[in-house]
Amino acid sequence: MYLFQLGSRRQLDFELAVVSTHVLDNLNRLARTEHTTRPVHDTLDHFLEHCPPEAFAQLRTQMVQRLIRMKVLDPARLLGHAVLLVDGTGLLCWSRRHCDQCLVQRRENTTLFMHQVLEAKLLGPAGVVLSMGSEFIENADLPDREGSNLENERVKQDCELKAFSRLAPQLKEMFPQLQIVLAGDSLFACGRVFQVAADYGWSYVVTFKEGHLPALWAEFQQLLSLCPDNRLKHTTAEGALQVYRWVCDLSYQDNDRRWHRFNAIECVETVGDQVTRFAWLTPLPVNAQTVVDIALKGGRARWKMENEGFNRQKNSGLNLEHVYSIDPEKWKAYYYLLQIAFIIIQLVERGSLLRRLAEQGGRTVPQLFGSLKNIARRMLDSLRYFSWPAIWCDTDEAAHIHIGLDSS
């Protein structure tokens with residue numbers, strides 16, 4: 001459903017019809033089963049009712065762990081650290097309460113009931129972002145809130161930072177040896193995140209905004225003029241002129257009276273007549289040799305979470321915001337399955353095999369297929385009209401294959 005970007009469960013019954021196709025044989029070969037009929041979409045939903053969502057989360061973890069061991073993602077590392085993009089997004093939204101776990105957002109003329117998720121995605125080469133951890137933002141442990149006012153909702157409701165406090169120990173347990181640098185927006189520039197990073201031996205590159213930490217921002221601006229040597233000009237491959245300035249060893253005391261020390265970077269980018277300013281906080285060593293990598297691989301890479309991750313998953317046949325099930329546990333399973341499928345999709349699309357295939361005909365991958373949607377269509381055609389050789393589904397053979405990403 002997700003690999004072929006069918007958009008809904010119902011489409012499975014139409015697009016994977018078995019009459020005059022190789023669908024059933026190929027699925028049996030892939031799953032090592034001997035079914036005489038193909039399960040319909042309601043069977044899928046029934047199966048997920050008896051399979052905990054955590055099982056699929058564990059499968060995703062195993063996939064990412066293997067890619068890390070194969071060093072497939074190493075070219076995207078920042079100063080030896082794996083870059084972990086952290087951000088939240090909305091999944092489902094109703095005008096009426098869906099369940100007791102719904103987040104509540106009151107507006108002037110309406111009230112919305114929502115489900116959200118905090119995602120941790122591992123950055124790879126070729127623009128790849130792989131789901132590494134998920135924490136659902138929901139009011140799972142709250143009593144009934146009917147009649148409560150908006151102020152109480154703001155105090156009680158779950159949020160991205162609370163979800164981060166739950167997600168971080170899970171990531172540490174799943175990847176205990178992995179050196180991580182967190183990349184997040186200004187919401188994560190706070191004592192809670194700084195302390196978690198220090199406790200787990202992680203680093204971070206988080207967006208620094210004037211209005212978020214105003215006293216620290218004022219100090220940063222004053223010290224910039226006192227550090228004239230901390231300046232570097234850089235021209236990107238796209239022709240943008242970037243001027244970097246930085247201040248080292250800033251100190252900050254959070255609301256719990258914990259002290260944190262880090263460096264601040266400012267980047268003023270000029271593209272034609274447009275001038276844009278960016279700033280980040282990081283404990284990574286900042287100097288003329290490292291500042292560009294920290295900004296591009298750590299700070300600016302955060303946008304890949306939105307563009308390559310959430311936006312594509314929402315605005316394509318993956319259909320992230322589609323209600324695949326109204327049962328809270330089952331839609332979590334669908335969410336994990338979507339993330340697993342998206343890992344496979346990216347490895348297919350950005351892998352070196354397609355590039356080499358296109359080069360044989362003197363073309364690029366976009367010229368060969370026309371669009372990413374067409375790649376999914378060709379995969380569906382393969383399942384329907386070709387009998388897959390047994391070796392394609394041989395796990396022993398697959399164990400010897402090294403995955404290569406097309407970083408060109």
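Look up a bit, the structure's there.
Model, not experiment: these values are computed from the prediction.

Some remarks on the overall build of the chain
A tally of helices and strands in the chain yields 15 helices and 10 strands. Taken against the 2.2 N^0.38 rule, which gives 22 Å for 408 residues, the C-alpha radius of gyration of the chain at 24 Å falls within 12% of a compact globule. The principal-axis extents of the C-alpha atoms in the chain amount to approximately 75 × 65 × 45 Å. Counting only residues that meet the buried cut, the chain has 48% of its 408 residues in that class. As presented, the chain carries roughly 20,800 Å² of accessible surface, and 51% of it is formed by carbon and sulfur atoms. Charged side chains of the chain number 46 positive and 48 negative; the gap between the two group centres comes to 3 Å.

Brief notes about the packing of helix α4 (residues 53-69) against helix α11 (residues 328-350)
Remark: α4 packs on α11, axes separated minimally by 8 Å, with the N-to-C direction vectors making an angle of 20°. Classed by the angle they form, the pair α4 and α11 counts as roughly parallel. α11 is crossed by α4, and the crossing has left-handed handedness. Taking contact as the criterion, the partners of Pro 53, Phe 56, Ala 57, Leu 59, Arg 60, Met 63, Val 64 and Leu 67 in α4 are, on α11, Glu 329, Lys 332, Ala 333, Tyr 336, Leu 337, Gln 339, Ile 340, Ile 343, Ile 344 and Leu 347.

Comments concerning the pairing of strand β6 (residues 203-207)
With five of its five residues buried, β6 lies for the most part within the structure. Along β6, one buried face is formed by Ser 203, Val 205 and Thr 207 and the opposite face, lined by Tyr 204 and Val 206, is buried too. Pairing of strand β5 (residues 180-184) with β6 involves four bridges; the strand directions are parallel. Bridge pairing links Leu 182 to Tyr 204 in β6. One ladder, built from two bridges, connects β6 with strand β10 (residues 274-282); its direction is antiparallel. Within β10, the residue paired with Val 206 across the bridge is Leu 281.

Notes on the pattern of salt bridges
Where charged atoms from two side chains of opposite charge come close, those side chains can pair. Taken as a whole, this structure holds 23 salt bridges when the rule is applied. Of the charged contacts in the structure, one is a salt bridge between Arg 9 and Asp 42, with a shortest N-O distance of 3.7 Å. Linking Arg 9 in the segment before α1 (10-15) with Asp 42 in helix α3 (residues 41-49), this pair joins segments that are 33 residues apart in sequence. A salt bridge links Arg 166 to Asp 158, with the nearest nitrogen and oxygen atoms 2.7 Å apart. For Arg 166, a relative accessible area of 30% gives the class partly exposed. Bridged by salt links that share partners, the residues Glu 15, Arg 377 and Arg 384 form one connected network.

Topic: α11
In this model α11 runs 33 Å from its N-terminal to its C-terminal C-alpha over 23 residues, within 8% of the 33 Å that 1.5 Å per residue would give. For α11, the buried fraction is high: 18 of the 23 residues fall into the buried class. With a side-chain oxygen lying 3.0 Å from the backbone nitrogen of Glu 329, the N-terminal cap of α11 falls on Asp 327.

Observations regarding the packing of aromatic side chains
Applying the stated criterion across every chain, the model contains 17 aromatic pairs. An aromatic cluster of at least three residues, connected via ring pairs, comprises Phe 136, Trp 331, Tyr 335 and Tyr 336. The residue whose ring lies beneath Arg 300 is Phe 278, and the NZ or CZ to ring-centre distance is 4.1 Å.

Side note on the packing of helix α2 (residues 23-31) against helix α14 (residues 372-385)
For the pair α2 and α14, interaxial distance at closest approach is 6 Å and the crossing angle is 100°. The angle between α2 and α14 falls in the class roughly perpendicular. Here α2 contributes Val 23, Asn 26 and Leu 27 to the contact with α14, which in turn contributes Ser 382, Leu 383 and Arg 384. Tallied by class, the residues present in the contact of α2 with α14 amount to three nonpolar, two polar and one charged.

Notes on the environment of Leu 123
For Leu 123, the location among the structural elements is in strand β3 (residues 111-123). What makes Leu 123 buried here is its relative accessible area of 7%. Each C-alpha atom of the pair Leu 123 and Ala 82 lies 7.3 Å from the other, and the pair is 41 residues apart in sequence. If we ignore the near neighbours within four places in the chain, the residues touching Leu 123 are Leu 73, Ala 76, Val 83, Leu 85, Val 128, Val 129, Lys 297, Ala 301 and Lys 304.

Some details on unusual backbone geometry
In this structure, Lys 71 is a non-glycine residue whose phi angle is positive, near 65°. Inspection of the secondary structure assignment puts Lys 71 in the loop between α4 and β1 (82-94). Its relative accessible area of 56% is what places Lys 71 among the exposed residues. Phi at Arg 257 is positive, roughly 60°, even though this residue is not glycine. With respect to the helices and strands, the residue Arg 257 is situated in the loop between β8 (241-253) and β9 (259-271). Here Arg 257 falls in the exposed class, since its relative accessible area comes to 65%.

Some points on the nonpolar core
Core analysis: the biggest nonpolar cluster contains 53 residues, and Met 132, Phe 164, Leu 182, Phe 208 and Leu 281 have the highest contact counts within it. Of the residues forming this core, the biggest block, six residues, is contributed by helix α6 (residues 160-174). In contact with Leu 182, other than residues within four places in its own chain, are Leu 84, Val 86, Phe 164, Val 193, Trp 202, Ser 203, Tyr 204 and Val 205. Membership of the second largest hydrophobic core comes to 32 residues, among which are Tyr 2, Leu 16, Tyr 334 and Ala 341.

Side note on the state of the cysteines
Summed over all chains, the structure comprises zero disulfides. Its sulfur unpaired, Cys 102 is 4.0 Å from the next cysteine sulfur, which belongs to Cys 99. You can call Cys 102 buried: its relative accessible area is 0%. We note that Cys 190 lacks a disulfide partner, and the nearest cysteine sulfur, in Cys 159, lies 9.5 Å from it.

Criteria and cut-off values
- Residues numbered from 1 in each chain as written.
- Predicted model: local features only at pLDDT ≥ 70, side-chain atom pairs only at ≥ 80, totals over all residues.
- Heavy atoms only, no water.
- Helix = DSSP H or I, 4+ residues; strand = E, 2+ residues; numbered from the N terminus.
- Rg over C-alpha atoms; globule rule 2.2 N^0.38 Å.
- Buried < 20%, exposed > 50% of the residue type's maximum accessible area, 1.4 Å probe, protein only.
- Areas by Shrake-Rupley, 256 points an atom, 1.4 Å probe, with all protein chains shown as cover.
- Lys, Arg positive; Asp, Glu negative; His and termini not counted.
- Charge placed at Lys NZ, Arg CZ, Asp CG, Glu CD.
- Axes fitted to C-alpha atoms, helices over the stretch in contact; angles between N-to-C directions.
- Parallel < 35°, antiparallel > 145°, perpendicular 65-115°, else oblique.
- Left-handed = near helix turned anticlockwise from the far one by under 90°.
- Contact = heavy atoms within 4.5 Å.
- Pairing = 2+ DSSP bridges.
- Salt bridge = Lys/Arg side-chain N within 4 Å of Asp/Glu carboxyl O.
- Expected span 1.5 Å × (residues − 1).
- Polar contact = N/O pair within 3.5 Å; in protein donor to acceptor, adjacent residues only side chain to side chain.
- Phe/Tyr/Trp six-rings, centres within 6.5 Å; stacked < 30°, edge-to-face > 60°.
- Lys NZ or Arg CZ within 6 Å of the ring centre and 35° of its normal.
- Nonpolar A, V, L, I, M, F, W, Y, C, P; charged D, E, K, R; others polar.
- Core = buried A, V, L, I, M, F, W, Y, C linked by side-chain atoms within 4.5 Å.
- Disulfide = S-S within 2.5 Å.

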